[in-house]
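# Geometric and topological summary
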Amino acid sequence: SDGQTLVFEPSFIKVAVGDTVTFKPMQKAGHTSYSIFEPEGAKPWKAQPDSEITVKLDKEGVYLVECFVHKTLGMVAVIQAGKPVNLEAAKQKAAEESAKMAAGKDRFAKELALVK
Ligand SMILES: [Cu+2]
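Residues numbered from 1 in each chain as written. Predicted model: local features only at pLDDT ≥ 70, side-chain atom pairs only at ≥ 80, totals over all residues. Heavy atoms only, no water.

### Notes on the coordination of the copper ion
Heads up, the condition is: Only nitrogen, oxygen and sulfur atoms qualify as donors, and only when within 2.8 Å of the metal (3.2 Å in the case of Na, K and Ca); with water excluded, sites may look incomplete. Every geometry call rests on angle ranges, with four donors termed tetrahedral when all angles are between 85 and 135 degrees, four termed square planar and six termed octahedral when opposite donors are over 155 degrees apart and all others are between 65 and 115, and everything else termed irregular. Secondary structure elements follow DSSP: runs of H or I of four or more residues count as helices, runs of E of two or more count as strands, with numbering from the N terminus. Relative accessibility thresholds used throughout: buried, under 20% of the residue-type maximum; exposed, over 50%; partly exposed, between the two (1.4 Å probe, protein chains only).
Around the copper ion, the protein supplies H31 (ND1), C67 (SG), H70 (ND1) and M75 (SD) as donor atoms, at distances of 1.9 to 2.5 Å. Geometry at the copper ion is tetrahedral, judged from the four donor atoms that bind it and their angles of 98 to 131° at the metal. Along the chain, the residues donating to the copper ion are arranged with the sequence spacing H-x35-C-x2-H-x4-M. Separated by 44 residues along the polypeptide, H31 in the loop between β2 (20-23) and β3 (34-37) and M75 in the loop between β5 (61-66) and β6 (76-81) bring together distant segments of the chain. Of the two residues examined, H31 and M75, each falls in the buried class.

This is the structure:
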């Protein structure tokens, strides 16, 4: 870590379809994990503040994640499960969200650049 606290770490991960991912809050800062974009047919998730959540990524594609409290500060993450079949739509949604941010406007783009 570089000392930043309003970040997901890692902020990009690639997993296999059917894998589970656990989000763990590292400070009591009201952090939450919300999915704001998922592959078609995938179930969105919303963690309670300061609470761990484990999600199963059972649909192939790109998922966009935000901390509900710090999303305007660019606290966002990207998960790729299998092939990025919905990448163009994910980029569009990420651009819309990034436009509303006060800081970290480039984070979604940097994370999505890692999708292969
Ligand atoms: Cu947060």
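### Some thoughts on the environment of K71
For clarity, the cut-off: It only takes one pair of heavy atoms within 4.5 Å for two residues to be counted as in contact.
Tracing the chain through its elements places K71 in the loop between β5 and β6. Through-space distance from the C-alpha of K71 to that of K116 is 25 Å; in sequence the pair is 45 residues apart. Those residues in contact with K71, other than ones at most four positions away along the chain, are E66 and M101.

### Details of helix α1 (residues 87-99)
Selection criterion: Here, expected helix span is obtained from the residue count minus one, scaled by 1.5 Å. Arc, as used here, means the arc of the directions from the helix axis to the C-beta atoms.
Its 13 residues give α1 an end-to-end C-alpha distance of 18 Å, which sits within 8% of 18 Å, the value for a rise of 1.5 Å per residue. For α1, the complete set of buried residues consists of L87, A90, A94, E97 and S98. Each buried residue of α1 lies within a common arc of 95° when the element is viewed along its axis, so the set occupies one face. Those residues of α1 that are exposed and angled more than 90 degrees off the buried face are E88, Q92 and A99. Packing partners of the buried residues in α1 comprise β3, β5 and α2 (107-112).

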